[in-house]
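# Examination of the molecular architecture
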Amino acid sequence: MHRSAPFAHRSRAALAVAAIAALAACSGGRERPRADLAAAQVNTIGVNAYLWRAALDTVSFAPLLQSDSTGGVIVTDWYANPRNPGERVKLTVTILDTDLRADALRVAASRQVAQGSAWLDAPVQAATVQKLEDIILTKARELRRQAVAG
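The paragraphs below set out a description of the structure included in this document. (Residues numbered from 1 in each chain as written. Predicted model: local features only at pLDDT ≥ 70, side-chain atom pairs only at ≥ 80, totals over all residues. Heavy atoms only, no water.)

### Some points on the nonpolar core
Among the nonpolar cores identified, the biggest contains 27 residues, and Leu51, Ile74, Val93, Ile95 and Ile136 are the most heavily contacted of them. Going through the elements one at a time, helix H3 (49-58), strand E3 (87-95), strand E4 (105-115) and helix H4 (126-149) are the ones with two or more residues in this core. Examining the composition of this core, we find that seven residues originate from one element, H4, more than from any other. With near-sequence residues (within four places) excluded, Val93 lies in contact with Ala55, Val59, Gly72, Val73, Ile74, Leu105, Arg106, Val107 and Ile136. (Core = buried A, V, L, I, M, F, W, Y, C linked by side-chain atoms within 4.5 Å. Buried < 20%, exposed > 50% of the residue type's maximum accessible area, 1.4 Å probe, protein only. Helix = DSSP H or I, 4+ residues; strand = E, 2+ residues; numbered from the N terminus. Contact = heavy atoms within 4.5 Å.)

### Some details on H3
Of all 10 residues in H3, nine are buried; the element is thus mostly enclosed. If you check which residues of H3 are buried, you get Ala49, Tyr50, Leu51, Trp52, Ala54, Ala55, Leu56, Asp57 and Thr58. Between the side-chain oxygen at the start of H3 and the backbone nitrogen of Tyr50 there is a gap of 3.0 Å, and the oxygen is on Asn48. (Polar contact = N/O pair within 3.5 Å; in protein donor to acceptor, adjacent residues only side chain to side chain.)

This is the structure:
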(Lines give C-alpha, C1' and ligand atoms only; values in the text may rest on other atoms or scores of the structure.)
Protein backbone atom coordinates (compact mmCIF):
# COMPACT_ATOMS: atom_id res chain seq x y z
CA MET A 1 0.00 0.00 0.00
CA HIS A 2 1.36 3.38 -0.92
CA ARG A 3 1.25 6.36 1.38
CA SER A 4 -0.83 8.08 -1.28
CA ALA A 5 -3.62 5.53 -0.89
CA PRO A 6 -7.19 6.78 -1.48
CA PHE A 7 -7.93 7.30 2.21
CA ALA A 8 -5.70 10.40 1.97
CA HIS A 9 -8.24 11.93 -0.42
CA ARG A 10 -11.04 12.33 2.14
CA SER A 11 -11.91 15.96 2.69
CA ARG A 12 -11.97 17.60 6.09
CA ALA A 13 -15.43 18.99 5.33
CA ALA A 14 -16.90 15.54 4.72
CA LEU A 15 -15.33 14.30 7.94
CA ALA A 16 -16.71 17.24 9.89
CA VAL A 17 -20.21 16.76 8.45
CA ALA A 18 -20.11 13.04 9.25
CA ALA A 19 -18.91 13.75 12.78
CA ILE A 20 -21.64 16.29 13.39
CA ALA A 21 -24.29 13.94 12.03
CA ALA A 22 -23.00 11.04 14.11
CA LEU A 23 -22.85 13.12 17.27
CA ALA A 24 -26.27 14.69 16.63
CA ALA A 25 -27.78 11.23 16.23
CA CYS A 26 -26.34 10.23 19.60
CA SER A 27 -27.91 13.15 21.47
CA GLY A 28 -31.39 11.64 21.58
CA GLY A 29 -32.97 15.07 21.16
CA ARG A 30 -32.08 16.22 24.70
CA GLU A 31 -29.97 19.26 25.46
CA ARG A 32 -26.64 18.00 26.72
CA PRO A 33 -23.59 19.87 27.90
CA ARG A 34 -20.88 20.08 25.24
CA ALA A 35 -18.35 18.34 27.47
CA ASP A 36 -20.53 15.21 27.54
CA LEU A 37 -20.35 14.87 23.75
CA ALA A 38 -16.59 15.13 23.81
CA ALA A 39 -15.97 12.71 26.65
CA ALA A 40 -13.50 9.93 26.02
CA GLN A 41 -16.28 7.39 26.58
CA VAL A 42 -18.87 7.91 23.86
CA ASN A 43 -20.47 4.50 23.54
CA THR A 44 -24.13 4.68 22.61
CA ILE A 45 -23.29 2.38 19.67
CA GLY A 46 -21.44 -0.22 21.77
CA VAL A 47 -17.93 1.08 21.13
CA ASN A 48 -16.20 4.45 21.18
CA ALA A 49 -18.08 6.56 18.62
CA TYR A 50 -15.01 8.58 17.65
CA LEU A 51 -12.95 5.47 16.93
CA TRP A 52 -15.88 3.93 15.05
CA ARG A 53 -16.45 6.96 12.81
CA ALA A 54 -12.72 7.41 12.19
CA ALA A 55 -12.30 3.72 11.33
CA LEU A 56 -15.21 3.78 8.88
CA ASP A 57 -13.86 6.90 7.23
CA THR A 58 -10.32 5.52 7.00
CA VAL A 59 -11.31 2.25 5.31
CA SER A 60 -14.05 3.79 3.14
CA PHE A 61 -11.84 3.46 0.05
CA ALA A 62 -12.60 -0.29 0.09
CA PRO A 63 -16.00 -1.98 -0.19
CA LEU A 64 -17.39 -3.09 3.19
CA LEU A 65 -18.28 -6.73 3.83
CA GLN A 66 -19.29 -6.30 7.48
CA SER A 67 -19.93 -3.36 9.76
CA ASP A 68 -21.07 -4.12 13.32
CA SER A 69 -21.10 -1.09 15.61
CA THR A 70 -22.25 -3.11 18.60
CA GLY A 71 -19.36 -5.56 18.36
CA GLY A 72 -16.96 -2.97 16.96
CA VAL A 73 -15.92 -4.90 13.85
CA ILE A 74 -15.40 -3.57 10.32
CA VAL A 75 -14.34 -5.95 7.55
CA THR A 76 -13.58 -4.78 4.02
CA ASP A 77 -13.64 -6.78 0.84
CA TRP A 78 -10.51 -7.05 -1.29
CA TYR A 79 -9.35 -3.71 -2.67
CA ALA A 80 -6.83 -3.17 -5.46
CA ASN A 81 -5.41 0.31 -5.91
CA PRO A 82 -5.88 1.28 -9.58
CA ARG A 83 -2.23 2.40 -9.61
CA ASN A 84 -1.13 -1.07 -8.56
CA PRO A 85 -3.74 -3.59 -9.85
CA GLY A 86 -1.43 -6.57 -9.25
CA GLU A 87 -1.80 -6.22 -5.49
CA ARG A 88 -4.87 -6.19 -3.27
CA VAL A 89 -5.59 -5.81 0.43
CA LYS A 90 -8.38 -6.73 2.81
CA LEU A 91 -8.73 -5.07 6.22
CA THR A 92 -10.34 -5.95 9.52
CA VAL A 93 -10.67 -3.20 12.11
CA THR A 94 -11.71 -4.13 15.63
CA ILE A 95 -12.57 -1.61 18.32
CA LEU A 96 -12.09 -3.29 21.66
CA ASP A 97 -13.28 -0.72 24.18
CA THR A 98 -15.53 2.24 24.83
CA ASP A 99 -12.55 4.47 25.66
CA LEU A 100 -10.65 6.52 23.10
CA ARG A 101 -7.26 4.86 23.65
CA ALA A 102 -4.62 3.41 21.35
CA ASP A 103 -4.99 -0.06 22.83
CA ALA A 104 -8.73 -0.03 22.09
CA LEU A 105 -8.03 -0.43 18.37
CA ARG A 106 -6.70 -3.35 16.31
CA VAL A 107 -6.15 -3.42 12.56
CA ALA A 108 -5.40 -6.63 10.70
CA ALA A 109 -4.52 -6.66 7.02
CA SER A 110 -4.25 -9.39 4.43
CA ARG A 111 -2.40 -8.84 1.20
CA GLN A 112 -2.33 -10.78 -2.03
CA VAL A 113 -0.34 -10.37 -5.23
CA ALA A 114 -1.38 -11.51 -8.68
CA GLN A 115 0.64 -14.28 -10.23
CA GLY A 116 -0.77 -15.25 -13.58
CA SER A 117 -4.50 -15.72 -13.08
CA ALA A 118 -4.20 -16.52 -9.36
CA TRP A 119 -3.91 -14.41 -6.23
CA LEU A 120 -1.21 -15.51 -3.82
CA ASP A 121 -0.97 -14.50 -0.16
CA ALA A 122 1.87 -12.09 0.54
CA PRO A 123 3.24 -10.62 3.75
CA VAL A 124 1.95 -7.30 5.07
CA GLN A 125 4.52 -4.94 6.47
CA ALA A 126 3.93 -4.22 10.15
CA ALA A 127 4.46 -0.54 9.37
CA THR A 128 1.39 -0.60 7.09
CA VAL A 129 -0.89 -1.82 9.88
CA GLN A 130 0.68 0.63 12.34
CA LYS A 131 0.16 3.50 9.86
CA LEU A 132 -3.55 2.62 9.48
CA GLU A 133 -3.97 2.47 13.27
CA ASP A 134 -2.25 5.86 13.59
CA ILE A 135 -4.51 7.38 10.92
CA ILE A 136 -7.64 6.09 12.68
CA LEU A 137 -6.48 7.31 16.10
CA THR A 138 -5.55 10.73 14.72
CA LYS A 139 -8.95 11.10 13.03
CA ALA A 140 -10.75 9.97 16.20
CA ARG A 141 -8.88 12.57 18.25
CA GLU A 142 -9.74 15.24 15.63
CA LEU A 143 -13.43 14.29 15.87
CA ARG A 144 -13.26 14.59 19.65
CA ARG A 145 -11.52 18.00 19.43
CA GLN A 146 -14.19 19.20 16.97
CA ALA A 147 -16.91 18.14 19.38
CA VAL A 148 -15.24 20.05 22.22
CA ALA A 149 -14.81 23.16 20.08
CA GLY A 150 -18.45 22.82 19.06
